[in-house]
Amino acid sequence: MGNKGAKARSMTTSSSSSTYVRSAYHAGSWYQDDSRALGKTLEKFLSQADLPTLTVEALCPPSITATTTTEEPNVGGARKTLFLRAIICPHAGYSYSGPTAAYSYRALRHELASSSSSSSSSSSLPRISTIVVLHPSHHVYLNGCAVSGAHELETPVGNLVVDSVLRDEILQLPGGAKFSVMSKDDDDHEHSGEMQYPYIAQILQSLQMLDRVQVLPIMCGSLSTSQEISYGRVLASILDRPEILTVISTDFCHWGTRFQYSPTPLASLSSGNNSQEVMPIHEFIAQLDRRGMDLIAAQTPGAFAEYLKETRNTICGRHAVAVWLRAVELCSTNNAAATATAAPATSTPSTSSALEISFVKYAQSMAVTSLRDSSVSYAAALATRKQTAI
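What counts and what doesn't
- Along each chain, residue indices are assigned from 1 in the same order as the chain's sequence is written.
- In keeping with the predicted nature of the model, local features appear solely for residues at pLDDT of at least 70, side-chain atom pairs appear and are counted solely at 80 or more, and the whole-chain, interface and lining totals rest on all residues.
- Where side-chain values are given, they derive from all heavy atoms of the structure, hydrogens and water being excluded.
- A run of DSSP states H or I qualifies as a helix once it reaches four residues; a run of E qualifies as a strand once it reaches two. Both are numbered from the N-terminal end.
- Exposure classes here rest on a 1.4 Å probe applied to the protein chains alone. A residue is buried below 20% of its type maximum, exposed above 50%, and partly exposed in between.
- Note on areas: Shrake-Rupley, 1.4 Å probe, and residue coverage restricted to the protein chains presented here.
- We call Phe, Tyr and Trp rings a pair once their centres come within 6.5 Å, taking the six-membered ring for Trp, and we label the pair stacked below 30 degrees between planes, edge-to-face above 60, and tilted otherwise.
- DSSP bridges decide pairing: two strands pair if at least two such bridges lie between them.
- Whenever two N or O atoms come within 3.5 Å, that pair is a polar contact, provided that in protein one can donate a hydrogen and the other can accept it, and provided that, for residues adjacent in sequence, both atoms are side-chain atoms.
- Throughout this description, the term salt bridge denotes a Lys or Arg side-chain nitrogen within 4 Å of a carboxyl oxygen of Asp or Glu.

Attention now moves to the overall build of the chain. Helix and strand content of the chain: eleven helices and 14 strands. Residues counted as buried form 54% of the 390 residues belonging to the chain. Just so you have it, the chain exposes about 16,700 Å², and 51% of that area is on carbon and sulfur atoms.

This part covers the packing of aromatic side chains. The way to describe two aromatic rings as a pair is by their centre distance and the angle between their planes. Applying the stated criterion across every chain, the model contains six aromatic pairs. Ring geometry for Phe 179 and Tyr 231: centres 5.0 Å apart, planes at 80°, overall edge-to-face. Residue Phe 179 is located in strand 7 (residues 179–181), and its partner Tyr 231 is located in helix 8 (residues 225–239); the two are separated by 52 residues in the primary sequence. Accessibility assignment for this pair places Phe 179 and Tyr 231 in one class, buried. In this structure an aromatic cluster arises from ring pairing among Tyr 31, Tyr 94, Tyr 105 and Tyr 199.

Taken in spatial order, the three strands make up an open sheet running 1-5-6, and their pairing is mixed. Two strands close off the open sheet at either side, each with one partner strand: strand 1 (20–22) and strand 6 (160–161). The pairing of strand 1 with strand 5 (residues 150–153) spans three bridges and is parallel. Each bridged residue has a counterpart across the sheet, and for Val 21 the counterpart in strand 5 is Glu 152.

It is worth spelling out the pairing of strand 14 (residues 375–386) at this point. Here strand 14 lies mainly inside the structure; eleven of its twelve residues are buried. Relative to strand 14, strand 2 (residues 82–89) runs antiparallel, the two being bridged by six bridges. Note that in strand 14 the partner of Ala 86 across the bridge is Ala 383. One ladder, built from two bridges, connects strand 10 (residues 254–255) with strand 14; its direction is antiparallel. Residue pairing across strands places His 254 opposite Val 376, the latter belonging to strand 14. Across nine bridges, strand 13 (residues 355–364) lies against strand 14 in antiparallel orientation. Paired with Leu 355 across the two strands is Arg 385, which belongs to strand 14.

Of note, Gln 299 is a non-glycine position whose phi angle comes to about 60°, a positive value. Here Gln 299 is to be found in the loop between helix 9 (281–297) and helix 10 (301–311). Here Arg 312, not a glycine, exhibits a phi torsion of approximately 60°, which is positive. The residue Arg 312 is located in the loop between helix 10 and helix 11 (318–341) in this model. The exposed category is assigned to Arg 312, whose relative accessible area is 54%.

Structurally, the position occupied by Asp 186 is in helix 5 (residues 184–189). At 3.1 Å, the side chain of Asp 186 forms a polar contact with the side chain of Ser 183.

With that settled, the discussion passes to the pattern of salt bridges. Across all of its chains, the model carries nine salt bridges by this definition. Its salt-bridge partner being Arg 22, residue Glu 194 comes within 2.8 Å of it at the nearest N-O pair. Note that Glu 194 is positioned in helix 6 (residues 191–194) and Arg 22 in strand 1, a separation of 172 residues in sequence. The residues Glu 194 and Arg 22 share a single accessibility class, namely buried. Here Asp 294 and Arg 290 are joined by a salt bridge, their closest N and O atoms 3.9 Å apart.

Pasting the structure below:
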């Protein structure tokens, strides 16, 4: 779970004057440290991620081949109808969660490729320049949110440049929610952000965009509901920028005695005899996770908070998810108000239509059948926004 067992100490500073190169600390254990081997592994996962045909075609303009489907891409010159605005990804070792994360990252590759190929010909198509990674804190107690203090993120497949300009802007944001800066030690040890960086670097390398897209990690600590609202409010206008895409890093249910969380389904008596029919535990876990996923997809952060309070489901990135949902909620409200007051004759093309969140993959590290077992759940989701221009 996010902060269970975390070291009880705070982040270092509210200044980013001293920066560092964040090490690929978990390379060689959570994933391969050889660049060629890791690249092959990631490409294998990406090639096997079978996104829904409609999703691929919508994210993929005619000039980009949609290799996830046997159907031919549209050839009539129709404009791209969806923009990918955010993805939800797991963060376990790649042998466990890598195939699930690939579903989100395959969509990201399509988005980056299409944005790059279209940006010169259509000003209404956003060109992504920064990827913000919202991730939890597993190793240090943090009563707030912190930006990475690094200027570079090391990965075996290429280093990522941190968006220091955006970091400085966030550190100077007005409002009650203040951001601190991670120390190198805390940044290095946190795996939930790191497990996103090789995927991002691999995709950028493959598109020759490693020097054109920057990254900014933000650690979301142990937050109250009011803090989640406050941080969502101050980040809302930033995450809504068309040139910024958000990655939310989270696993779902951590089930088993080693996680101190092992609820079981209630038994129901079969009619006419004394035997009991019990739902398999792994199905119960999936049902539990699905409730949370449905609330995320419905963009109801208040209901998601109530669900967590009721179930205590061990979604380790729940605070990162909640901050993002609060930002989305505020942006949706503001965009709806702007649309209602805008004069149709003077309206300009935009990408500010309603956000749609869909979960495209769910998996468990093992199918739990007894109280001796344990498992972690993984999910991949895409948040897209329709293009409103004709």
